[in-house]
Amino acid sequence: MSEHDLDELSAMLHYEFRKPELLKEAFRHSSYVNEVGDSCLKDNERLEFLGDAVLDLAVSHILMDLFREEKEGVLSKCRAAIVNERVLSDVAKGLSLGDYLLLGKGEELSNGREKPSILANVLEALIGALYLDGGFLKTKEIIHRLFVPVLGSIDIESILDDFKSVLQEFTQEAYKVRPEYVPVGESGPAHDKTFKVALYVQGKLMAEGEGRSKKEAEQKAARKAFFCLTKNL
């Protein structure tokens, strides 16, 4: 991995490593280290082990901050919806982590750079490296920036089915106001109408939602507004 590569990745993470060797270690797959045969080189599996634990803890913190009234069971389900191979590999792809991997010839030939399991593992290794280099608070900040947008895009309605309540709790604590829902239109025949609502916080339009009922439209608007308001916390 060249210094240019390090600088490019650091810019995406908004973090500069004090110990660049940790970052390099995070991208050394065991297949590469085994082929090179250098006993001084470490693969990324220990960092992956550490990063897995750090990610679980950081996401747990973030969920407790976001959903202050939810019970343990709901928070656990939310964490499971975020911390899994599919989501982790998607985040890794967004950072182009596959481009930085050092792989053995066999993994290279079998498209190892695109394998979800390898991408998820290298993201965890990167998180482990961040933790060792910058500590938990800085790592949690980076994880928040990477994963809260994911939380806003995955299907968690079955887990958090009342975003209106979640949003109201948040806006009352943060802004001392309640959200305002304003109907802005409906379309379709009487038996199959679509409703549209606009959601305002402190007089500012935050989101719009559509649904087969006003309640559904309000819930969708509340979800959009909630993740919009919390993405930079």
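Computed from a predicted model, the values in this text were never measured in an experiment.

1. Overview of the overall build of the protein
Right, so step 1: Of the regular secondary structure elements, the protein holds 11 helices and three strands.
Right, so step 2: If you line up the protein on its principal axes, its C-alpha atoms span 70 × 40 × 35 Å.
Right, so step 3: Residues counted as buried form 44% of the 233 residues belonging to the protein.
Right, so step 4: Summing over all exposed atoms, the protein offers an accessible surface of approximately 12600 Å²; the carbon and sulfur share of this is 50%.
Right, so step 5: Counting 31 positive and 40 negative side-chain charges, the protein places the centres of these two groups 5 Å from one another.

2. Describing unusual backbone geometry
Right, so step 1: Unlike most non-glycine residues, His-14 shows phi in positive territory, near 55°.
Right, so step 2: With respect to the element layout, His-14 can be found in the loop between α1 (3-13) and α2 (20-26).
Right, so step 3: Overall, His-14 belongs to the exposed group, its relative accessible area being 54%.
Right, so step 4: With a phi angle near 60°, Asn-111 is a residue other than glycine that sits in the positive phi range.

3. Here we look at the layout of surface pockets
Right, so step 1: Empty space within the largest pocket amounts to approximately 160 Å³.
Right, so step 2: Considering the residues around the largest pocket, the lining is formed by 10 residues, among which Asp-65, Arg-68, Glu-169, Phe-170 and Glu-173 are closest to the centre.
Right, so step 3: If you tally residues by element for the lining of the largest pocket, the top one is helix α10 (residues 163-175), at five residues.
Right, so step 4: Of the residues that constitute the lining of the largest pocket, the class distribution is five nonpolar, no polar and five charged.

4. As for the packing of aromatic side chains
Right, so step 1: Tallied over the entire structure, the rule returns eight aromatic pairs.
Right, so step 2: Measuring from ring centre to ring centre gives 5.4 Å for Phe-67 and Phe-226, while their planes differ by 25°; the resulting arrangement is stacked. Here Phe-67, found in the loop between α4 (45-66) and α5 (72-82), pairs with Phe-226, found in helix α11 (residues 214-230); they are 159 residues apart in sequence, far enough to count as distant. An identical accessibility class is assigned to Phe-67 and Phe-226; each is buried.
Right, so step 3: With a centroid separation of 6.2 Å and an interplanar angle of 55°, the aromatic rings of Phe-163 and Phe-226 are classed as tilted. Of the two residues, Phe-163 sits in helix α10 while Phe-226 sits in helix α11, which places them 63 residues apart along the sequence. Residues Phe-163 and Phe-226 agree in their burial class; the two are buried.
Right, so step 4: An aromatic cluster is defined as three or more aromatic residues linked by ring pairs; in this entry it consists of Phe-67, Phe-163, Phe-170, Tyr-175, Phe-226 and Phe-227.
Right, so step 5: Geometry around Tyr-181 places Lys-164 over its ring, the cationic atom sitting 4.9 Å from the centre.

5. Thoughts on the confidence of the model for the protein
Right, so step 1: Of the residues in the protein, 93% have a pLDDT of 70 or more, and the chain-wide mean is 89.
Right, so step 2: Within the protein, the lowest mean pLDDT, 78, falls on α1, and the highest, 97, falls on helix α8 (residues 116-134).

Reading guide: rules and limits
- Residues numbered from 1 in each chain as written.
- Predicted model: local features only at pLDDT ≥ 70, side-chain atom pairs only at ≥ 80, totals over all residues.
- Heavy atoms only, no water.
- Helix = DSSP H or I, 4+ residues; strand = E, 2+ residues; numbered from the N terminus.
- Buried < 20%, exposed > 50% of the residue type's maximum accessible area, 1.4 Å probe, protein only.
- Areas by Shrake-Rupley, 256 points an atom, 1.4 Å probe, with all protein chains shown as cover.
- Lys, Arg positive; Asp, Glu negative; His and termini not counted.
- Charge placed at Lys NZ, Arg CZ, Asp CG, Glu CD.
- 1 Å grid on protein atoms, 1.4 Å probe; cavity = no way out; pocket = protein on both sides within 12 Å on 5 of 7 lines; lining within 4 Å.
- Points joined across faces, edges and corners; volume = space filled by probe spheres on them.
- Nonpolar A, V, L, I, M, F, W, Y, C, P; charged D, E, K, R; others polar.
- Phe/Tyr/Trp six-rings, centres within 6.5 Å; stacked < 30°, edge-to-face > 60°.
- Lys NZ or Arg CZ within 6 Å of the ring centre and 35° of its normal.
- pLDDT = per-residue confidence, 0-100.

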